[in-house]
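The residues making up each chain are set out below.
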Amino acid sequence: MSDSLKLQAPVAPWYKHRWPWLLMIGPGLSVVVGSTMGYIAFTQPDALVVGDYYKQGKAINQDLRRDTVASDLAMSSKLSYDVAAARLSGSVHSFGKAYRAPLQLHLAHATQPEKDIKLLVQPDAAGNFSVALPMLERSRWQVLVENDKREWRLSGIWTWPLQRSIALHADEEL
């Protein structure tokens, strides 16, 4: 045996060196993050995708007719939310006079349909109503006010709490 082979220190196996491990951290993290994202994507489907576009298109035409009816009746509404009392209150008028028939209020959450709020309210003789509502989440709400027979509708966007109240007028929608 030569002298140069005797002086060399024994070489440790690859897994005892730090460089292979440091080089594997990046690809290893990519696999973990990719797997996690894939799991989230497959277990929580996107709620914004609609399966039957034709049926939804027909429904849009019906909604446009309801907007026209609301405009013909000169419908208007105002809603506000009182945090301290946990109450949603408002009023509905037709031709400037109180509207007294039962109403359906629908507050649709911008991205999470399970947080939508549907309320049935009965206005008093002055067209005012008030209903208990637990804490209204900070969000951009699609507001829909319609009569119980769904003959007309008022709709608008309410960014609560940036807007303390919202006023809906039929003529603004057309």
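Refer to the structure presented above.
Residues numbered from 1 in each chain as written. Predicted model: local features only at pLDDT ≥ 70, side-chain atom pairs only at ≥ 80, totals over all residues. Heavy atoms only, no water.

(A) Spatial organisation of the nonpolar core. In this structure, Leu-88, Leu-107, Leu-136, Val-145, Trp-152 and Trp-158 are the most contacted members of the largest nonpolar core, which totals 27 residues. Of all the secondary structure elements, the ones that give two or more residues to this core are strand S1 (75-82), strand S2 (87-94), strand S4 (103-109), strand S5 (117-121), strand S6 (128-132), strand S7 (139-147), strand S8 (153-160) and strand S9 (165-169). Each residue touching Leu-107, except ones within four places of it in the same chain, is listed here: Leu-88, Asp-116, Ile-117, Leu-133, Leu-136, Trp-141, Gln-142, Val-143 and Trp-158. (Core = buried A, V, L, I, M, F, W, Y, C linked by side-chain atoms within 4.5 Å. Buried < 20%, exposed > 50% of the residue type's maximum accessible area, 1.4 Å probe, protein only. Helix = DSSP H or I, 4+ residues; strand = E, 2+ residues; numbered from the N terminus. Contact = heavy atoms within 4.5 Å.)

(B) Seen up close, the pattern of salt bridges. Taken as a whole and assessed by the stated rule, the structure comprises four salt bridges. Here Arg-153 ties to Asp-67 by a salt bridge, and the two come within 2.6 Å at their closest N and O atoms. Of this pair, Arg-153 sits in strand S8 while Asp-67 sits in helix H3 (residues 53-72), placing them 86 residues apart in sequence. Looking at Asp-67, the relative accessible area reads 4%, which means it is buried. For Lys-115, the salt bridge goes to Glu-137, with nearest N and O atoms at 3.0 Å. Here Lys-115, found in the loop between S4 and S5, pairs with Glu-137, found in the loop between S6 and S7; they are 22 residues apart in sequence, far enough to count as distant. Residue class for Glu-137 comes out partly exposed when judged on its relative accessible area of 31%. (Salt bridge = Lys/Arg side-chain N within 4 Å of Asp/Glu carboxyl O.)

(C) Structural detail: the packing of aromatic side chains. Considering all chains together, one arrives at four aromatic pairs under this definition. Ring plane angle 85° and centroid distance 5.9 Å describe the contact between Trp-14 and Tyr-15, whose orientation is recorded as edge-to-face. Residue classification places Tyr-15 among the partly exposed positions, given a relative accessible area of 45%. Aromatic pair Tyr-99 and Trp-152: ring centres 5.4 Å apart, planes at 90°, arrangement edge-to-face. (Phe/Tyr/Trp six-rings, centres within 6.5 Å; stacked < 30°, edge-to-face > 60°.)

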